[in-house]
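The primary structure of each chain is shown beneath.
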Amino acid sequence: MNKNIYDITIIGGGPVGMFAGFYSGLRNAKVQIIESLDELGGQVNALYPEKTILDVAGFAGLTGRELVNNLKAQLLTMQPDISLNTTVKNVKKVDDFFAIETDKGTTQSRAIIIATGNGSFKPRKLLADNADKYENNQIQYFIKNLDDFKDKQVLVAGGGDSAIDQALMLEKVAKKVYLLHRRNEFRGLERMVSRLKTSSVELVTPYLIKEVQPADGNQITLVAKKMRTDDEFKTITVDKMLVNYGFVADSKAMKNWDINLQTSHRLLKVDSKMQTNIPNVYAVGDQANYDGKQTIIATGFGEVPLAVNGIMQNLYPNSNAPIHSTQLSK
Ligand SMILES: Cc1cc2nc3c(=O)[nH]c(=O)nc-3n(C[C@H](O)[C@H](O)[C@H](O)COP(=O)(O)OP(=O)(O)OC[C@H]3O[C@@H](n4cnc5c(N)ncnc54)[C@H](O)[C@@H]3O)c2cc1C
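Please read all numbers here as calculations on a predicted model, not as lab measurements.

Colleague: When you look at the packing of aromatic side chains in this model, what are you seeing that I'm missing?
Modeller: Each aromatic ring pair is specified by the distance between its two centres and by the angle formed by the two planes. Applying the stated criterion across every chain yields a total of four aromatic pairs. Relative to F22, the ring of F19 lies with its centre 6.1 Å away and its plane at 25°, an arrangement referred to as stacked. Taken together, the residues F19 and F22, both in helix α1 (residues 15-26) and three residues apart, mark about one turn of the helix. Neither residue differs from the other here; F19 and F22 are each classed as buried. Between F142 and F247, the ring centres sit 6.1 Å apart and the planes meet at 45°, which makes this aromatic pair tilted. Taken as a pair, F142 in the loop between β10 (139-140) and β11 (153-157) and F247 in strand β18 (residues 247-250) lie far apart in primary sequence, 105 residues in all. Take F142 and F247: they sit in the same class, and that class is buried. Members of the aromatic cluster, joined through ring pairs, are F19, F22, Y23 and F301. The aromatic ring of F98 is capped on one face by K93, whose charged end is 4.8 Å from the ring centroid.

Now the structure itself:
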């Protein structure tokens, strides 16, 4: 077998894709995970990292972030190849494998698990004049490395849990943190909002950023308009700005893939083993649909062994299907 061909490619690094990566590793499969965002964790990481999740078996309650960190630690024990910031644009069947085309290049895989949830996420953009000139430099959408903000003047834009969380996180390292929101009220958990109010973060409300201008050194000046006024503006000069306006999902991209996947209610139709209408292409998590499906994490986790063991049975018919993980530990 060509050793550059993966046994299993998991498209989507949300909670279910992450568990699929781990479980594929348990089955000794050569596996890669491709995720369009800069970080693993899917909806849990992007939309509700601070929310307490109560319905994951074995935990009386854990935050989204804790769940993602636990999944990451479990996944990394298997050392899979992980491509972040990479979006799958097309999948083609070539001989007995699939060519997986991404915005960063093409890889080959004998089987695929689609774990794309509601589709590929992209951060909602800052729609202010000149903003695109400063993107990925002074203007960022994620904190990749907290040290990049050390001793800097930073403005966080947004009003949800995640914006509050970032502002409080940055407060520990930055010289000064502003939190700008277009409403006077924040949509965060009460506990987070009260922490915010006793912090040194300067709240700028109700304002919306309209323009970005160059400033001395490598700084930028943000021009913000007071909501419901015509001519009340405020300018704030900072080293960095973090935009936290949520995410937009593109659920239609799969329609353009060369393999013709059958759908049901705009999701992928799967059989009782989680296989789609294309042999060796499986789907799990929120993207997989069957009669009675519930789109919660516990359901997705339960679908993973069905998909991975189904694939391994197809690829290696002589391998014995495992029952318990102890049979698989290395
Ligand atoms: C506000 C909110 C609260 C919730 N609370 C709970 C709860 O308490 N308990 C619970 O069980 N469930 C909860 N859910 C539902 C739960 O988050 C989902 O069921 C779960 O995230 C599904 O996981 P997934 O891995 O299937 O998909 P997702 O989490 O959606 O992850 C899919 C990943 O695939 C990536 N992707 C998509 N397309 C591509 C592509 N073409 N190329 C590369 N990558 C791609 C996306 O960027 C994303 O990271 C909640 C959902 C929301 C929105």
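Structure shown, so let's carry the discussion forward.
Colleague: Where do I start with the nonpolar core in this structure?
Modeller: Core analysis: the biggest nonpolar cluster contains 54 residues, and I8, I113, I114, W257 and L261 have the highest contact counts within it. In this structure I113 touches I8, T9, I10, I11, A20, Y282, V284, A307, V308 and I311, once residues within four positions along its chain are discounted. L155, Y178, Y207 and V212 belong to the second-largest nonpolar core, a separate cluster that totals 26 residues.

Colleague: Sorry, what's going on with the site of the ligand here?
Modeller: Taken together, 34 residues lie around the ligand, and E35, Q43, Y48, K51 and D286 are the ones closest in. In the model, an oxygen atom of the ligand is placed 3.4 Å from a nitrogen or oxygen of the P15 main chain. Here an oxygen atom of the ligand and a backbone polar atom of I297 are 2.9 Å apart. Starting from 1,000 Å² of accessible surface for the ligand in isolation, the protein chains cover 87%.

Colleague: Where do I start with the packing of α1 against helix α7 (residues 297-315) in this structure?
Modeller: Geometry of a packed helix pair, given as the angle between the helix axes and the separation of the axes. At a closest axis distance of 9 Å, the pairing of α1 and α7 adopts a crossing angle of 35°. Crossing of α1 against α7: the hand is right-handed. Touching P15, V16, F19, A20, Y23 and S24 of α1 are I297, G300, F301, V304, P305, V308 and N309, all from α7. Taken together, the residues of the contact of α1 with α7 break down into 10 nonpolar, three polar and no charged.

Colleague: Looking at this structure, I do not really get the domain arrangement of the protein. What am I missing?
Modeller: The domain boundaries assigned to the protein delineate domain 1 (6-122 + 248-327) and domain 2 (125-245). Each of domain 1 and domain 2 was reduced to a C-alpha centroid, and the two centroids are 34 Å apart. With five residues of domain 1 in contact, the opposing surface of domain 2 contributes seven residues. Of the roughly 650 Å² buried between domain 1 and domain 2 on both sides combined, carbon and sulfur atoms contribute 55%. Together, D38, E39 and E50 form the three largest contributors to the area buried by domain 1 at its contact with domain 2, with a combined 64%.

Colleague: Would you explain the UniProt feature "binding site: FAD" (unreviewed entry) in the protein in this entry?
Modeller: In this structure's numbering, the residues bearing the UniProt feature "binding site: FAD" (unreviewed entry) are E35, Q43, Y48, V88, F121, D286 and T326. These annotated residues cover 292 residues of sequence, and their C-alpha atoms reach 35.8 Å apart at the extreme, placing them across more than a single site. Position of V88 among the secondary structure elements: in strand β6 (residues 88-94). Of the residues examined, V88 reaches a relative accessible area of 8% and is grouped as buried. Beyond its immediate chain neighbours, meaning those up to four positions away, V88 contacts I11, I34, I100, E101, T102 and W257. Summarising the element assignment, D286 is placed in the loop between β21 (281-283) and β22 (288-289).

The rules behind these values
- Residues numbered from 1 in each chain as written.
- Predicted model: local features only at pLDDT ≥ 70, side-chain atom pairs only at ≥ 80, totals over all residues.
- Heavy atoms only, no water.
- Phe/Tyr/Trp six-rings, centres within 6.5 Å; stacked < 30°, edge-to-face > 60°.
- Helix = DSSP H or I, 4+ residues; strand = E, 2+ residues; numbered from the N terminus.
- Buried < 20%, exposed > 50% of the residue type's maximum accessible area, 1.4 Å probe, protein only.
- Lys NZ or Arg CZ within 6 Å of the ring centre and 35° of its normal.
- Core = buried A, V, L, I, M, F, W, Y, C linked by side-chain atoms within 4.5 Å.
- Contact = heavy atoms within 4.5 Å.
- Near = heavy atom within 4 Å.
- Polar contact = N/O pair within 3.5 Å; in protein donor to acceptor, adjacent residues only side chain to side chain.
- Areas by Shrake-Rupley, 256 points an atom, 1.4 Å probe, with all protein chains shown as cover.
- Axes fitted to C-alpha atoms, helices over the stretch in contact; angles between N-to-C directions.
- Left-handed = near helix turned anticlockwise from the far one by under 90°.
- Nonpolar A, V, L, I, M, F, W, Y, C, P; charged D, E, K, R; others polar.
- Domains from an automatic or database assignment.
- Buried area = accessible area lost by both parts, 1.4 Å probe.
- UniProt positions renumbered as here; feature names shortened; annotations may be inferred.

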